[in-house]
Amino acid sequence: MTKGVAGGSDASKGSVLSSEHLTRDLGRRTASGGIIALCAQALILLTQVGYMALMARLLQPDDFGLVAMAASVTAFVGVFADLGLSMVTIQRKEVDQDTVSALFFVNLGVGFALMPLTWMMAPVATWLFNDPRVFHLVLVLAIAIPITAAGAQHKALLIRNMRWMSLHGVNLGSLLCGVAVGVAMAWGWGFQYWSLAAATLTTALVGTIGLWMLSPWRPTKVANWKNASSAISFGINYSGSQFTNYINRQSDNVLVGWKSGPGELGFYTRAYSLFMLPITLVSGPIGSVIIPMLSRLQTQPDRWARTYLSAMRLTLMVNTILCILITINAQEIVTLVYGESWSKSGVILMILSLSLITSISGQFGGWALISLGRARELFVFSIFSSLIRFAIFLFAIQWGASGVALAWSITSWVFTPMLWLYATRDTELRFTDLVKAAAPFFLAYIVVVALFHIGDSIWPTFKVLSLPTAGDLALKSIITIVIYGVFVVAPYRFAGFMLGDMRLFLDKDVPQGT
């Protein structure tokens, strides 16, 4: 593969910036990418769970709470470091050397500008959380912002070119380095919360170095900024939606830390980390391969719609069982991973997990809007949902972390169908198409979760079958998998949907759109 460092080589066959090869064997590329992503993410997940389990026994809830407080500030500023420019590179049908180089320099410049801005916010964070230790944590964690920005376009090009092995190799390798540093500092030298900060910085630095090593593209002097201007416009809208997403994801942390302190926030963030596992394990990797595929199909509305629904069904088929298992085993999972002293996180996880399936399904609306280049509409919806959710969090914080968790679950069930309806406007998809595709999985989730929660309360049989934590978790999981396989996967398979969905992704070629 050529480096495509010169403008004349951008469109050459096999160039890192050319899109010609992306439409050949697109289905197989996507399918293989999905398999690689799931396998890599499974390894990453196991590493993260092992890391969390070990650190939970080496550190106190306060340590996790302190880092979460500081991270809420750096994440707030870090959202703007990318400006959505990575998604521009992934989503656009054609890119050239000038455009990508311009996006790289904008990314890098914004990253370095935001680091001192974050430092200026450190005193505010210290005052807000009433803990002087937050000040220095913010200063240190802010260093990761320009480091990550320096690798943003290299990562985007790896995704655009569907180089999944390289991408996930970097992700796993950087995580392992971060884990090694974090555990060594906590276990060997007793650095407490600083070990978590050091792990974050190490992961960012190793990840960026790895992206530069594995991506053949290099930035050059920008001769013409004209094409970059429209790209930046799309990116700013996408970045706006990411910022409001940040409000969704971090405002709960800020409110819990402000109202209840680092201890309560530590319990909440550990529960939230487990809550995110299905999204991290399946939906994230699938989304990372589906969005480039749908973007290549945006000029073929019929095929785009069929591919979208197939991706949605396959994602829900895998994710629904994980959602059920986490919901019915919340307390057992927390005890197994973190230990008995973290039981409060189990209650929070159980409440959060009631919205797992809707939190995952909400991403489908984002897939549609991003792949069609409608970032502005996603931004508008994100503003609307974030403001409402923040207002509800403010009301719910009086009941502590559990109240905020319940508010998250309720709003998730409301916003997901609203986003589906909003995203399907002016497309080949209808809102009813999404409802029909998702209905069997949503129904299975509700029925199985209700069965176990009601059965645990009133059926002596369930109590008799109860074993110590690990055995109880295993028994519930086996029963759930059998029920899910018989009543959900088997009908889906025999109705022909599964084979049809998989066949769509295995098609050899995607005809060129006009």
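Throughout what follows, the structure given in this document is the object of discussion. No experiment lies behind these values; they were computed from the predicted model shown. (Residues numbered from 1 in each chain as written. Predicted model: local features only at pLDDT ≥ 70, side-chain atom pairs only at ≥ 80, totals over all residues. Heavy atoms only, no water.)

## A closer look at the overall build of the protein
Link 1 in the chain: In terms of regular secondary structure, the protein is built from 21 helices and zero strands.
Link 2 in the chain: Split into buried and exposed, the 514 residues of the protein put 56% on the buried side.
Link 3 in the chain: Accessible area of the protein: about 21,000 Å², with a carbon and sulfur share of 70%. (Helix = DSSP H or I, 4+ residues; strand = E, 2+ residues; numbered from the N terminus. Buried < 20%, exposed > 50% of the residue type's maximum accessible area, 1.4 Å probe, protein only. Areas by Shrake-Rupley, 256 points an atom, 1.4 Å probe, with all protein chains shown as cover.)

## Considerations on the packing of helix H5 (residues 133–141) against helix H9 (residues 193–214)
Link 1 in the chain: Contact geometry of H5 with H9 gives a least axis separation of 10 Å together with a crossing angle of 15 degrees. What the angle tells us is that H5 and H9 run roughly parallel. For the crossing formed where H5 meets H9, the hand is right-handed. Here H5 contributes Arg133, His136, Leu137, Val140 and Leu141 to the contact with H9, which in turn contributes Tyr193, Trp194, Ala197, Thr200 and Leu201.
Link 2 in the chain: Its residues assigned to classes, the contact of H5 with H9 shows seven nonpolar, two polar and one charged. (Axes fitted to C-alpha atoms, helices over the stretch in contact; angles between N-to-C directions. Parallel < 35°, antiparallel > 145°, perpendicular 65-115°, else oblique. Left-handed = near helix turned anticlockwise from the far one by under 90°. Contact = heavy atoms within 4.5 Å. Nonpolar A, V, L, I, M, F, W, Y, C, P; charged D, E, K, R; others polar.)

## Focus: the pattern of salt bridges
Link 1 in the chain: Counted under the stated rule, the structure contains five salt bridges.
Link 2 in the chain: The shortest N-O distance in the salt bridge between Glu264 and Lys344 comes to 2.5 Å. Remark: Lys344 occurs in helix H14 (residues 343–353) and Glu264 occurs in helix H10 (residues 226–275); sequence separation between them is 80 residues.
Link 3 in the chain: Of the residues examined, Lys344 reaches a relative accessible area of 38% and is grouped as partly exposed.
Link 4 in the chain: With a shortest N-O distance of 2.8 Å, Arg425 and Glu377 are connected by a salt bridge. Pair noted here: Arg425 is in the loop between helix H17 (400–423) and helix H18 (431–458) and Glu377 is in helix H16 (residues 375–396), with a separation of 48 residues, a long-range link.
Link 5 in the chain: What makes Arg425 partly exposed here is its relative accessible area of 37%.
Link 6 in the chain: For Glu377, a relative accessible area of 21% puts it in the partly exposed group.
Link 7 in the chain: Connected through salt bridges with shared partners, the residues Arg374, Glu377 and Arg425 form a single ionic network. (Salt bridge = Lys/Arg side-chain N within 4 Å of Asp/Glu carboxyl O.)

## Details of unusual backbone geometry
Link 1 in the chain: Phi at Asn130 is positive, roughly 55 degrees, even though this residue is not glycine.
Link 2 in the chain: Looking at where Asn130 falls in the secondary structure, it is placed in the loop between helix H4 (97–129) and H5.
Link 3 in the chain: The exposure class of Asn130 is exposed, given its relative accessible area of 69%.
Link 4 in the chain: Residue Asp426 is not a glycine yet carries a positive backbone phi of 60 degrees.

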